[in-house]
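# Tertiary structure, described
For reference, the chains in residue letters:
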Amino acid sequence: MDRRDVNPLVAATEAPPIAEAWRWVEGRSFPADKPLIDLCQAVPGYPPADALTAHLAEQVRAPDTARYTAIDGIPPLTAALARRTGSLYGAEVAANEVLITAGCNQAFAVAVMGLARAGDNVILPAPWYFNHKMTLDMLGIEARPLALREENGLIPDPAEAERLIDAGTRALVLISPNNPTGAIAPPDAIAALYELCERRGVKLLLDETYRDFPDWQGRAPHGLFQRPGWRRTLVQLYSFSKVYSLAGYRVGAVIADAGLLSQARKVMDCLAICAPHVGQKAALFGLETLDGWVAEKRGDILARVHAFQSAMEASGTGYRIASIGAYFAYVRHPFAGKRAHDVAEGLARDHNILCLPGSMFGPGQDDYLRFAFANVDAAVMPEIARRLRESEA
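Residues numbered from 1 in each chain as written. Predicted model: local features only at pLDDT ≥ 70, side-chain atom pairs only at ≥ 80, totals over all residues. Heavy atoms only, no water.

### Some points on unusual backbone geometry
- Cis peptide bonds are those with omega within 30 degrees of zero, and the linkage from Ala126 to Pro127 qualifies with 15°.
- Cis geometry is adopted by the peptide bond preceding Pro177, which originates at Ser176 and carries an omega value of -10°.
- Mapped onto the elements, Pro177 comes out in the loop between strand E5 (169-175) and helix H8 (187-200).
- Even without a glycine there, the phi angle at Asn352 is positive, about 55°.
- Structurally, the position occupied by Asn352 is in the loop between helix H13 (340-351) and strand E11 (353-354). (Helix = DSSP H or I, 4+ residues; strand = E, 2+ residues; numbered from the N terminus.)

Listed below in structure tokens is the structure:
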């Protein structure tokens, strides 16, 4: 097809990176003694809770499950998420400040379309989550890179962020725990970015997809919802996909000022009308009954984090963890001057490890690889380290 026949903004947007990586191993068979280790996509390595799947087996037979819901989502779910958010953060959140979406990628798209138009800009810390960048590109909104540095723990520097703000800036994005780096922003760092956004009149678009996996030791991840004016500045994104292992059911949420959500509903109505009804029922069941299961899986994921760290430290490999947390490790590879794409493709071709090159996450990332280790057991981590060491030979 002639590129002139399609929207030039879409044509200029990069291809989906996960699909590109899978092409590196497409059609290959893998020996039993060296199977493919998939560290490519952030997918839970365990199925949903048995109680949840049993519940859904009943719900698919209910006539209403096949029908549309309200644009916002089913009222019991919006109310339950408002209560859970308020309880976690020690604040009051109303049900009309919750919009249920078809996954967190759609939550981002709905929020951004409600906030910005073509020609505006959004500050995107780099390395960034590629779907955020792709969405902005297709909308004609400038993604303004904010470089993250290892010496800062790959946490955005508020002073550097402020230098990027101008009259066209509509939002600053923060993901914590982060995708792709795994970095967890401490409460004071989140507060500093919030205060910058509040002072400069831009939104803090806070994506907390992975907030259920760190051990917060009884504390909230941040105190933003306790601030009297949070509705003027904070837009929170959330996902049920990881916490309840529901990625294919597509359920996410935006929590924000009710006035902003009244505009976001227009976007939601045109994109999907509503999130999948069956997915909403799954999310509601999870909120109401699965806290114990979630705690168990949190321990499982934390064990994978520790196992990956220990295996890398014990192996003597030149690959070095720059940041790790929740589902991800961001790793500096040992091949100075070599493109991350070539390193990642070589690991797939020669060592049956599928990971993503840092170059898929923005400029200046050619020294890094992203490992999404949540979908492999802790027992596999030493084999990952062994193959990485073998790749240096």
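### Comments concerning the UniProt feature "domain: Aminotransferase class I/classII large" (unreviewed entry) in the protein
- When the UniProt feature table is mapped to this numbering, "domain: Aminotransferase class I/classII large" (unreviewed entry) covers residues 35-388.
- Taken end to end, residues 35-388 is 41% helix and 17% strand, and its first and last C-alpha atoms sit 14 Å apart. (UniProt positions renumbered as here; feature names shortened; annotations may be inferred.)

### Some remarks on the environment of Leu356
- Summarising the element assignment, Leu356 is placed in strand E12 (residues 356-357).
- Once the C-alpha coordinates of Leu356 and Tyr330 are considered, the two residues, 26 residues apart in sequence, prove to be 9.9 Å apart.
- Once residues within four sequence positions are removed from consideration, Leu356 is found in contact with Pro17, Ile18, Ala21, Cys40, Phe130, Ala344, Phe361, Leu369 and Arg370. (Contact = heavy atoms within 4.5 Å.)

### Notes on helix H11 (residues 277-289)
- With 13 residues, H11 should cover 18 Å at 1.5 Å per step; its first-to-last C-alpha distance of 18 Å lies within 8% of that length.
- Of all the 13 residues making up H11, 10 are buried; the element is thus mostly covered by neighbouring parts of the structure.
- Within H11, burial applies to His277, Gly279, Gln280, Lys281, Ala282, Ala283, Leu284, Phe285, Gly286 and Leu287. (Expected span 1.5 Å × (residues − 1). Buried < 20%, exposed > 50% of the residue type's maximum accessible area, 1.4 Å probe, protein only.)

### Observations regarding the sheet that holds strand E13 (residues 368-372)
- The 4 strands lie next to each other as E9-E10-E13-E12, forming an open sheet whose pairing is antiparallel. Edge strands, defined here as strands with exactly one partner in the open sheet, are strand E9 (320-325) and E12.
- Here H13 sits on the sheet and contacts E12 and E13; the angle it forms with E13, its principal contact strand, is near 45°. (Pairing = 2+ DSSP bridges. Axes fitted to C-alpha atoms, helices over the stretch in contact; angles between N-to-C directions.)

### Some points on the pattern of salt bridges
- Across all of its chains, the model carries 24 salt bridges by this definition.
- Across the salt bridge formed by Arg144 and Glu142, the nearest N and O atoms sit 2.9 Å from each other.
- Each of Lys34, Glu383, Arg386, Arg387 and Glu390 takes part in a single network of salt bridges with overlapping partners. (Salt bridge = Lys/Arg side-chain N within 4 Å of Asp/Glu carboxyl O.)

### Considering the packing of aromatic side chains
- Counted by the stated rule, this structure contains 15 aromatic pairs.
- Taking 5.0 Å as the distance between ring centres and 50° as the angle between the ring planes, the aromatic pair formed by Tyr89 and Phe225 counts as tilted. Remark: Phe225 occurs in the loop between strand E6 (203-207) and helix H9 (230-233) and Tyr89 occurs in helix H4 (residues 75-89); sequence separation between them is 136 residues.
- Taken together, a centroid distance of 5.5 Å and an interplanar angle of 40° make the contact between Tyr129 and Phe130 tilted.
- One aromatic cluster is present, built from ring pairs that chain together Tyr210, Phe213, Tyr327 and Phe328.
- In this structure, Arg211 is placed above the aromatic ring of Tyr238, and the distance from its NZ or CZ to the ring centre is 4.1 Å.
- In this structure, Lys297 is placed above the aromatic ring of Tyr46, and the distance from its NZ or CZ to the ring centre is 4.7 Å. (Phe/Tyr/Trp six-rings, centres within 6.5 Å; stacked < 30°, edge-to-face > 60°. Lys NZ or Arg CZ within 6 Å of the ring centre and 35° of its normal.)

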